[in-house]
Amino acid sequence: MLNADRSGTELIKVMTGIRRCGKSVMLELIHPQELQDKHYFRKHGANAYYGQN
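If you're wondering where the values come from, they're calculated on a predicted model, not measured in any experiment.

Regarding its fold elements, the chain presents two helices and zero strands. Split into buried and exposed, the 53 residues of the chain put 2% on the buried side. Total accessible area on the chain is roughly 5100 Å²; 58% of this is exposed by carbon and sulfur atoms.

Right under this line is the structure:
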């Protein structure tokens, strides 16, 4: 259980860290190479559509 003495900002940081860890695990479990390729090529591929200058 989270300590009630922590400030709201500290609790938000803890919750954000937990959420990010969970997201990373899910991405690794569900077609990791396919997802990596999709996100890499949408920015750096021949038909890039994200992050153009």
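From this point, the discussion proceeds with the structure in view.
Time to look at the packing of aromatic side chains. Taken as a whole and judged by the stated rule, the model has one aromatic pair. Consider the rings of Tyr40 and Phe41, whose centres lie 5.2 Å apart with planes at 80°: the pair is edge-to-face. A relative accessible area of 47% places Tyr40 in the partly exposed class.

A contiguous nonpolar surface patch, about 400 Å² in accessible area, is contributed by Val25, Met26, Leu29 and Ile30. By the secondary structure assignment, Leu29 is in helix H1 (residues 8–29). Judged by relative accessible area, Leu29 falls into the exposed class, the value being 64%.

Cut-offs used in this document
Residues numbered from 1 in each chain as written. Predicted model: local features only at pLDDT ≥ 70, side-chain atom pairs only at ≥ 80, totals over all residues. Heavy atoms only, no water. Helix = DSSP H or I, 4+ residues; strand = E, 2+ residues; numbered from the N terminus. Buried < 20%, exposed > 50% of the residue type's maximum accessible area, 1.4 Å probe, protein only. Areas by Shrake-Rupley, 256 points an atom, 1.4 Å probe, with all protein chains shown as cover. Phe/Tyr/Trp six-rings, centres within 6.5 Å; stacked < 30°, edge-to-face > 60°. Patch = residues over 30% accessible without salt bridge, like charges linked within 9 Å, V, L, I, M, F, W, Y side chains within 5 Å. Salt bridge = Lys/Arg side-chain N within 4 Å of Asp/Glu carboxyl O.

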